[in-house]
Amino acid sequence: MNEPGTPGGTVRPTRAARTARIQRVRRGVAFGIVAALVVAATGLWLVRRGDEGAAATTDGGSDDPSTPSETRLLALQVEGGPAPLLAVIGAPGTETPIVMPVPAELTIVVPGQGETSAPGVAALPGDSMRVALSNMTGVWIHDFAVLSLRELAVMIDAGGGASVTLPSSYPTENGVLGPGDVTLSGPQAKAFLAGATDDAGVRWEILLGGMLERSLSLPSVSSIETDDADAVSETLAAAQGAEVFDIPTEPVTGDVIIPVYPILDERLTTALGTPAPVPTIVQNGSGEPGVGEAVAASIIPAGFRVVLSQNAQSFDVATTNIFANGVDHEADANRAKAALGVGRVRVSQVPSGVGDITIVVGKDFTA
């Protein structure tokens, strides 16, 4: 899940270039190999480090990875289309804003659930969707908004339309759109997305770039699911002029793709100024439902990504154990302990090859 792969995308400078790509890729089954590596590594947890050393290195400070205060991220979902429409919008203050469309074929690790497709992520409640996309990016997403195609149309109309470059003619219920440069009204944008067949991802990518060329604000509609409507509107306004940022992916089997995390992390570090997250294995040893998501919500803001989420061998673990998979990652384990607020740090003599940190959640952890 965190292995190097083939680069799959770049930040594109023009709308015409953005419309040229339709992803059709294949995905393979690697989960069994990863799980075997984890099982092999658990037998090598030999050296225990007491809590005394951990406390000295977990009191925050300027060296702790976190999202810079001037950077705002938004998880956006639009319902009612022929495919899940998801995106992460980033407004990093002094840098160029970015918008990352999430391909409908993408599969990511959802904390507490494991490998999950984009449609599965879109089916989650808004807050859980935000955690899932935060884990994918490795950067905590501050806010989320889930709106319908109709509400998206209202937002686009209020912003003055969406200026797009259409590569061909698109018959819709609102007439034929394109080709060429077109400013779509809200109803036209709704029809453009609703009319997608096998190109929903490309249409979503085209529209995202066009609508963010103007300053947007969330409509005042009670049916929109969001954690903070004012904060969402602030991020949308700050994201004016955002460049479309393609998530680098690689095929495995079927009609599904997975992110190439090392490349994604490098590009997000450049675009947002955020550090690369520490790959982390989370095992539920308490038996409580929702533990994986709660742990992720605690550690992602501190600079971690869950790369493997599964049950522990027992649900009777009393104390949370945080294993540094190699002595070089003891400081990371101490930082994870500080983020969780509980647990004890131990060090493995041999790296796992999957994650730098393994957290076995005990009954002492409460969300």
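Residues numbered from 1 in each chain as written. Predicted model: local features only at pLDDT ≥ 70, side-chain atom pairs only at ≥ 80, totals over all residues. Heavy atoms only, no water.

### Details of the side chain of Thr280
Within the secondary structure, Thr280 is located in strand S17 (residues 278-284). The class for Thr280 is buried, based on a relative accessible area of 0%. Only 3.0 Å separates the side chain of Thr280 from the backbone oxygen of Val278, close enough to count as a polar contact. When residues no more than four places from it in sequence are discounted, the contact partners of Thr280 are Ile299, Phe304, Arg305, Val306, Val307, Leu308, Ile357 and Ile359. (Helix = DSSP H or I, 4+ residues; strand = E, 2+ residues; numbered from the N terminus. Buried < 20%, exposed > 50% of the residue type's maximum accessible area, 1.4 Å probe, protein only. Polar contact = N/O pair within 3.5 Å; in protein donor to acceptor, adjacent residues only side chain to side chain. Contact = heavy atoms within 4.5 Å.)

### Some thoughts on the nonpolar core
Counting 38 residues, the largest nonpolar core has Leu152, Trp204, Leu207, Met211 and Leu212 as the members making the most contacts within it. In terms of residue count, the dominant contributor to this core is helix H8 (residues 200-211) (six residues). Those residues in contact with Leu212, other than ones at most four positions away along the chain, are Ile89, Val99, Leu236, Ala239, Gln240, Gly241 and Ala242. Among the nonpolar cores identified, the runner-up in size contains 30 residues, and Leu73, Ala122, Met136 and Val146 belong to it. (Core = buried A, V, L, I, M, F, W, Y, C linked by side-chain atoms within 4.5 Å.)

### Here's the deal with the environment of Asp143
Along the chain, Asp143 turns up in strand S8 (residues 143-148). Spatially, the C-alpha atom of Asp143 lies 8.7 Å from that of Ala229, the residues being 86 residues apart in sequence. Not counting chain neighbours up to four residues away, the residues in contact with Asp143 comprise Arg72, Leu73, Leu74, Ala75, Arg130, Asp227, Asp228, Ala231, Val232 and Thr235.

### A short note on the side chain of Thr137
Relative to the elements of secondary structure, Thr137 occurs in helix H5 (residues 126-137). Assessed through its relative accessible area of 3%, Thr137 is described here as buried. Here the side chain of Thr137 touches Ser134 through a polar contact of 3.1 Å, landing on its backbone oxygen. Here Thr137 is in contact with Val88, Met100, Leu264, Asp265, Leu268 and Arg305, once residues within four sequence places are set aside.

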